Amino acid sequence: MVGSDQGGTDQSTLREEETRSQAADTETDAAEADAAANSASARDEVDSAENAQRSIRDMLDEEGGASVFDNRDLVEPDTIIDEERIVGRDDQLESVVSFLKPTLQGNRPPNMLLYGPAGTGKSLIVGAVTEQIIELCKSKGERFGVVSINCQPINTLDQAVYELVQTVAKNVGAEVGVPETGVSTKRKYRRLYELINENYDSVIFILDEIDLLVGRRANDEPAYSKLLYQLSRASNTNEIEGRVSVAALTNDPKFMENIDGRAESSFNPRDVYFPDYDANQLRQILKNRRDAFRPDALEDDVIPLVAAFAAQSHGDARKAIDLFRGAGDLADERGDEEVREEHVRESQEEIDKDRSLKLVEGLTTQKKISLYATAAVARHSRRSGSSVPSPVGFKVYQWVTDELDADQMTRETYVKYVKELSTYGLISTSRKSRGRGGGMYMEFTFTGDPTAIMDRIVEDTRLETVGDQEELLQSVVNAQLNEFHEK
């Protein structure tokens, strides 16, 4: 029995060992299969990555065809062009040359006020003339400096002076030498004068869009008035040892009416007026930049069509050049070898869509606040429709001015500002009655997207803080709407 049990036990053990061996073989096979699958997956990933890499290269190669442009810089807005390309500005060019010519004779040139509508050549002319003066002075061993800034994005006098310091430091390859914040404006002026005295024998400050440098509060002397006063007298007070001239550029023909009496006396500029371009002049301006494109890349009707569109925009050469460039960019995006009429028309449509939003950028701070508050009501209202009752808009306007610590206009002024904006096509207005004894009010309706308008307004650094309070603004809007409709 014992032998029989032992034999059964041996057989059982053998079967168990065989089972374990088979299981081990199965596990090994499974592991090998998994390893093979992982290896295949890894190869697939590598192959996929290589295919993706090739695909990107293919796409880049596809986009690498010949551009319609030969020298795109000629249709860039900030390019200083050769005087041979200047059109229709002979009188203005002659005036600016005569005013700045004393620099070459070792004398101080007069200050200048260049004014006229946007896109009429103010920056172009003063830039072209000062570029030539730099070269002529260099040939005589004279150091002539051009310090040019655009005042549109600058909020305060302190920021303007810092921008001037930065510009000079960059021009001469020096350290800025003062922090942007934490020191007085007076110290920034001192650093500006140090840099100029160390590097220039004579200097011209070019302040583009000077009228937009208003400062924080409307009831104070405008920041541009203070800046003009300080810069125009800097050589008289010996803070700048060399010769100083200031050129102020503005679209506002009444600019001088708003500056302080002391600034007016110290600045005392020579005026140069820049009128609109006519259609023929616009066409010639574009022809003079024809070589921005390859010789065979423009259909014959492109330049006349671009000039015609620009003439409808009050003769703005900058808009003509932007449209010219935009049509070329559109042709490149589509891989077309020639700029055609369809590219011009489609580019113009895109410009038209964004034109009203661009107009917002040029509004005064108070008009921006008025528009922002009104748009906020249209955007955040829980009631059907996007019409804005003027009493509600004004209450929200008051809240926004409090948040920004800005001056607060009367309700009549708020309504006046918003009604004026209807001329830009941003809103429509209508007069409404609240019934017997309830009085009349204005109702504003947006023709476009109020959200897009609000987003564009808070790009202004003076107003950006209110853009971070959307939830609170929404609750203010609806509280005021409820109060208005419950009366």
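About the criteria used
Residues numbered from 1 in each chain as written. Predicted model: local features only at pLDDT ≥ 70, side-chain atom pairs only at ≥ 80, totals over all residues. Heavy atoms only, no water. Phe/Tyr/Trp six-rings, centres within 6.5 Å; stacked < 30°, edge-to-face > 60°. Helix = DSSP H or I, 4+ residues; strand = E, 2+ residues; numbered from the N terminus. Buried < 20%, exposed > 50% of the residue type's maximum accessible area, 1.4 Å probe, protein only. Lys NZ or Arg CZ within 6 Å of the ring centre and 35° of its normal. pLDDT = per-residue confidence, 0-100. Contact = heavy atoms within 4.5 Å. Pairing = 2+ DSSP bridges. Axes fitted to C-alpha atoms, helices over the stretch in contact; angles between N-to-C directions. Arc of directions from axis to C-beta. Core = buried A, V, L, I, M, F, W, Y, C linked by side-chain atoms within 4.5 Å.

Bringing the packing of aromatic side chains into the picture now. Using the criterion set out here, one finds 10 aromatic pairs in the structure. Judged by centre distance (6.4 Å) and plane angle (80°), the ring pair of Tyr-414 and Phe-444 falls under edge-to-face. Highlighted residues: Tyr-414 in helix α14 (residues 411-420) and Phe-444 in strand β8 (residues 440-446), separated in sequence by 30 residues. Grouping residues by exposure puts Tyr-414 and Phe-444 together as buried. Every member of this aromatic cluster is reached through a ring pair, and the members are Phe-394, Tyr-397, Tyr-414 and Phe-444. A cation sits over an aromatic face here: Arg-72 above Phe-69, 5.4 Å from the ring centre. Over the face of the ring belonging to Tyr-277 we find Arg-89, whose NZ or CZ atom lies 3.9 Å from the ring centre.

Bringing the confidence of the model for the chain into the picture now. Note that predicted coordinates carrying low pLDDT should not be read in detail. Confidence in the prediction for the chain averages 85 pLDDT; 82% of positions are at 70 or higher. Predicted confidence for residues 1-14 stays below pLDDT 50, and this span has 0 contacts to residues more than four positions away or in other chains.

Turning our attention to unusual backbone geometry. Within the chain, Asn-238 stands out as a residue other than glycine whose phi angle is a positive 65°. Along the chain, Asn-238 falls in the loop between α6 (223-232) and β4 (243-250). Since its relative accessible area comes to 61%, Asn-238 is described here as exposed. Of note, Asn-268 is a non-glycine position whose phi angle comes to about 40°, a positive value. Counting through the fold element by element, Asn-268 comes out in the loop between α7 (261-267) and β5 (270-273). When its relative accessible area of 55% is taken as the criterion, Asn-268 is described as exposed.

Attention now moves to the side chain of Asp-460. Locating Asp-460 in the fold gives a position in the loop between α15 (450-457) and α16 (470-486). Since its relative accessible area comes to 9%, Asp-460 is described here as buried. Beyond its immediate sequence surroundings of up to four residues, Asp-460 is in contact with Asn-155 and Lys-368.

What follows concerns the sheet that holds strand β1 (residues 112-115). Taken in spatial order, the 5 strands of this open sheet run β2-β3-β4-β1-β5, and their pairing is parallel. Strands at the two margins of the open sheet, each flanked by one partner only, are β2 (144-150) and β5. Taking each pair of neighbouring strands and ignoring which way they run, the sheet shows an average axis angle of 15°. Pairing of strand β3 (residues 202-208) with β4, which is carried by 6 bridges, proceeds in the parallel orientation. Across the sheet, residue Ile-206 finds its bridge partner in β4, namely Ala-247. Against the sheet, helix α2 (residues 90-100) engages β1, β3, β4 and β5, with an angle of about 160° to β5. Together, β2 and β3 form the strand contacts of helix α4 (residues 157-172), whose direction differs from that of β2 by roughly 135°.

Taken residue by residue, α14 has Tyr-414, Val-415, Tyr-417 and Val-418 as its buried positions. One side of α14 holds all its buried residues, which, seen down the axis, span an arc of 160°. Turning to α14, the residues buried within the fold contact α12 (365-380), α13 (390-404), β7 (427-433) and β8.

This paragraph deals with the sheet that holds β8. With antiparallel pairing, 3 strands are arranged side by side in an open sheet as β6-β8-β7. Edge strands, defined here as strands with exactly one partner in the open sheet, are β6 (388-389) and β7. Relative to β8, β7 runs antiparallel, the two being bridged by 7 bridges. Considered in β8, the bridge of Ile-427 is made with Phe-446. With respect to the sheet, α12 is in contact with β6 and β8, its orientation differing from that of β8 by roughly 80°.

Another aspect to go through is the nonpolar core. By size, the foremost hydrophobic cluster in this structure holds 41 residues, and its most contacted members are Leu-164, Leu-192, Phe-205, Leu-207 and Leu-227. Every element with two or more residues in this core is listed here: β2, α4, α5 (185-199), β3, α6, β4 and α7. Counting residues per element, this core draws most heavily on α4, at 8 residues. In terms of nonpolar packing, the next biggest core, distinct from the first, is built from 40 residues, Ile-369, Ala-406, Val-418 and Leu-426 among them.

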